[in-house]
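What follows is the residue order along each chain.
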Amino acid sequence: MSINIKTEKILQILSQNKQKWLHLSLQHKINYLEQIQDNLLLNAKQWAENCCKAKEGNLDSNTIGQELLAGPVIVMRQIKFYLTALKYNGKPPLLKVKTNDNEQISVKVMPENFQEKILWKGFSADVWLEKNKPLLQGESFKKGNKLGELSLILGAGNVSSIAPLDILYKLFFEGNICIVKLNPVNDYLYEIFNKVFSSLIRDEFLAFTKGGEELGEFLCNHSLVDNIHITGSHITHDKIVWGNGSFEEIQKKKLSQQFKCNKKITSELGCVTPFIIVPGVWSDEELIYHAKQIASAVTNNASFNCNAAKLLVTCQGWQQRDLFLKYLKNELTIARARKAYYPGAWQRYSSFLKHYPQAEIIGENKPNCIPWTFIPNISNHDFALNHEAFCGVLCETFISAKNIPEFLQKSVDFCNEKVWGTLSCSLVIDPLTEKIFKTEFSLALQNLQYGAIAVNCWSALVYALCSTTWGAFPNSSLENIKSGIGVVHNGYFLENVEKSVIKAPFKITPTPPWFHDNKNTEKIGYALLDYEYSENFWNFSKLILAAFKG
């Protein structure tokens with residue numbers, strides 16, 4: 001009860017400042033962002049080390065690097081884009097706008113300058129708008145006749161940048177002040193977040209809380225909370241919207257629109273993330289490179305990522321399929337074991353082993369670590385297609401096709417119709433195959449119903465770029481929530497977003513920092529943090545040197 005009394009007071013104070021924040025001058029908001037930048041630089045080391053200690057129980061250099069890249073670095077990059085957007089009154093200059101054959105507008109968002117062309121050589125990223133929707137920027141940002149709102153952010157427990165990025169989006173894009181309930185899994189970041197966002201907390205535009213389900217329910221149902229943003233599972237989302245009950249009871253509530261919570265809710269709720277492997281003729285080096293990339297997308301953060309690779313979609317007739325799977329399993333054997341820190345991991349892992357006797361336990365078997373596990377040849381209407389493992393499991397299924405155009409069409413239809421989730425996916429295609437089947441490949445990108453699509457790289461890059469958008473494909477409803485509603489990040493303040501698409505070269509050197517065997521992730525992390533903070537030549541040079549030592 002004392003927790004609720006304290007929280008009640010916080011809500012009342014925040015609620016009184018809704019209009020004040022909405023009508024605060026742009027320069028004041030810019031000042032807040034610059035203060036957050038400075039605080040972030042000072043506290044990034046402790047931030048990453050806290051994550052590393054909690055997840056691994058030690059200060060392993062590689063893990064510190066991964067936590068820097070997944071946490072402070074991404075937040076610093078997001079601030080950079082928002083500073084530019086605010087300086088242009090919500091309409092930052094666009095790099096390039098084009099309209100494709102079906103009248104769908106796409107906006108280029110990367111690379112943005114000469115340095116990015118060097119750092120991300122051969123990469124490009126575009127935000128695609130919904131079909132038949134106009135190009136608009138900053139409409140949500142405009143004050144107009146809007147009333148200020150108080151947003152409740154229910155933070156994620158797995159990736160440390162999620163809650164801070166949601167805060168920045170709500171405050172500086174939507175114009176809402178925020179109360180944030182940290183997930184109990186990573187509420188060890190409470191003090192760090194209070195330091196990073198100290199100026200906003202001091203001026204009573206933001207507050208952090210921590211607690212369990214009781215506090216979450218209290219906040220969700222409170223009259224002073226105007227809207228809710230949740231990163232988590234669709235099960236938690238449905239409890240908030242419809243309340244507790246059996247599956248049949250919830251379905252009845254959905255049919256009769258018996259909402260427990262009538263507030264506007266946006267969400268990011270995970271995905272059974274597929275990697276579609278388009279058949280081609282690859283060298284051994286290329287086969288190993290993409291085996292390493294997929295293994296990295298499985299093992300990063302102990303596989304507790306909503307965009308972790310969970311389903312490999314291959315072509316049955318691909319002559320190199322068996323060799324590729326051999327290389328992939330070899331990479332999973334090499335990748336070091338990670339502590340299974342996220343609640344429920346062992347139960348989820350056991351359920352997959354129960355369903356699939358053909359599961360191959362590949363990774364190192366260490367205490368408190370779920371070994372990397374590969375499950376080949378799952379059927380097309382199966383448990384793994386509808387349940388996100390959220391642990392170190394990778395499944396594989398094959399599609400029969402006579403040729404590449406047929407495979408592209410069938411694999412897209414399969415992912416859209418049979419695989420749960422609409423958050424993100426990846427496709428791997430070699431340059432010659434893409435060139436020969438350019439029309440069919442373009443059609444595949446158009447038809448994939450995912451909010452983030454990555455070509456020749458892991459879809460986590462769409463999350464990390466911040467100039468892109470992050471969120472589910474816009475075909476969800478409260479009755480059929482899929483991977484959620486709405487987007488975040490969105491460095492160019494774009495409206496009517498359908499998806500973000502990033503394209504990478506088929507193979508890049510030096511070793512990408514997200515690869516599990518990169519030897520220099522910690523130094524890359526600190527160098528990238530400094531570069532995103534200042535973008536000066538000295539920090540750029542340090543970053544290039546660190547990358548080549550990876």
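Up top is the structure.
What you see is a predicted model; the values in this text were computed from it and never measured.

1. Points about the environment of leucine 478
Here is step 1: Within the secondary structure, leucine 478 sits in the loop between β16 (469-471) and β17 (487-489).
Here is step 2: Residues leucine 478 and asparagine 58, spaced 420 residues apart in sequence, show a C-alpha to C-alpha distance of 41 Å.

2. Quick look at the side chain of threonine 433
Here is step 1: Residue placement: threonine 433 occurs in helix α18 (residues 431-436).
Here is step 2: Given the relative accessible area of 7%, threonine 433 is considered buried.
Here is step 3: Side-chain polar atoms of threonine 433 contact the side chain of aspartate 430, separated by 2.7 Å.
Here is step 4: Contact partners of threonine 433, with chain neighbours within four places excluded, come to Val278, Pro279, Gly280 and Ile404.

3. Quick notes on the packing of helix α4 (residues 61-70) against helix α5 (residues 72-87)
The angle between the axes and the distance between the axes are what describe a pair of packed helices.
Here is step 1: Across the interface, α4 lies against α5 with an axial gap of 3 Å and an inter-helix angle of 20°. Relative to α5, the element α4 lies roughly parallel. Seen from α4, the contacting residues are Glu67, Leu68, Leu69 and Ala70; seen from α5, they are Pro72, Val73 and Ile74.
Here is step 2: The class makeup of the residues in the contact of α4 with α5 is 6 nonpolar, no polar and 1 charged.

4. With respect to empty space enclosed by the protein
Here is step 1: Within this structure, the stated rule accounts for 3 cavities of 30 Å³ or more.
Here is step 2: Forming the boundary of the largest cavity are Ile162, Asp166, His229, Thr231, Glu268, Tyr463, Trp470, Val488 and His489.
Here is step 3: Listed by contribution, the elements that provide at least two residues to the lining of the largest cavity are α7 (162-174), β7 (227-231) and β17.
Here is step 4: Looking at the lining of the largest cavity residue by residue, the classes come out as 4 nonpolar, 3 polar and 2 charged.

5. Quick word on the sheet that holds strand β2 (residues 105-110)
Here is step 1: Spatially, the 11 strands line up as an open sheet ordered β1-β2-β3-β18-β15-β14-β9-β10-β13-β12-β11, and their pairing is mixed. Whereas interior strands pair on both sides, the edge strands pair on one side only; in this sheet they are β1 (96-99) and β11 (360-361).
Here is step 2: As paired elements, strand β3 (residues 124-129) and strand β18 (residues 497-503) share 6 bridges and run antiparallel to each other. Counterpart to alanine 125 in the pairing with β18 is isoleucine 502.
Here is step 3: Taken strand by strand, helix α14 (residues 321-334) contacts β9 (273-277), β10 (309-315), β11, β12 (373-375) and β13 (393-399), and its axis lies near 160° from that of β10.

6. Examining the packing of α5 against α7
Here is step 1: The interhelical angle for the contact between α5 and α7, taken along N-to-C directions, is 10°, at an axis separation of 10 Å. Here α7 runs roughly parallel to α5, going by the angle between their axes. Here Ile74, Val75, Gln78, Ile79, Tyr82 and Leu86 of α5 lie close against α7, whose contacting residues are Pro164, Leu165, Leu168, Tyr169 and Phe172.
Here is step 2: Its residues assigned to classes, the contact of α5 with α7 shows 10 nonpolar, 1 polar and no charged.

7. Things to note about the packing of aromatic side chains
Here is step 1: Following the criterion strictly, the structure yields 30 aromatic pairs and no others.
Here is step 2: Where tyrosine 289 meets phenylalanine 515, the ring centres are 5.1 Å apart and the plane angle is 45°; that geometry is what we call tilted. Residue tyrosine 289 is found in helix α13 (residues 284-299), and its partner phenylalanine 515 is found in the loop between β18 and α21 (521-534); the two are separated by 226 residues along the sequence. Considered together, tyrosine 289 and phenylalanine 515 belong to a single accessibility category, that of buried residues.
Here is step 3: Ring centres of tryptophan 514 and phenylalanine 515 lie 6.2 Å apart, and the angle between their planes is 75°; this geometry places the pair in the edge-to-face category.
Here is step 4: Its relative accessible area of 12% is what places tryptophan 514 among the buried residues.
Here is step 5: Judged by its relative accessible area of 2%, phenylalanine 515 is buried.
Here is step 6: Pairwise contacts between aromatic rings join Tyr82, Phe141, Tyr169, Phe173 and Phe493 into one cluster.
Here is step 7: A cation over an aromatic ring shows up here: lysine 80 above the ring of phenylalanine 81, its NZ or CZ 5.2 Å from the ring centre.

Criteria and thresholds
- Residues numbered from 1 in each chain as written.
- Predicted model: local features only at pLDDT ≥ 70, side-chain atom pairs only at ≥ 80, totals over all residues.
- Heavy atoms only, no water.
- Helix = DSSP H or I, 4+ residues; strand = E, 2+ residues; numbered from the N terminus.
- Buried < 20%, exposed > 50% of the residue type's maximum accessible area, 1.4 Å probe, protein only.
- Polar contact = N/O pair within 3.5 Å; in protein donor to acceptor, adjacent residues only side chain to side chain.
- Contact = heavy atoms within 4.5 Å.
- Axes fitted to C-alpha atoms, helices over the stretch in contact; angles between N-to-C directions.
- Parallel < 35°, antiparallel > 145°, perpendicular 65-115°, else oblique.
- Nonpolar A, V, L, I, M, F, W, Y, C, P; charged D, E, K, R; others polar.
- 1 Å grid on protein atoms, 1.4 Å probe; cavity = no way out; pocket = protein on both sides within 12 Å on 5 of 7 lines; lining within 4 Å.
- Points joined across faces, edges and corners; volume = space filled by probe spheres on them.
- Pairing = 2+ DSSP bridges.
- Phe/Tyr/Trp six-rings, centres within 6.5 Å; stacked < 30°, edge-to-face > 60°.
- Lys NZ or Arg CZ within 6 Å of the ring centre and 35° of its normal.

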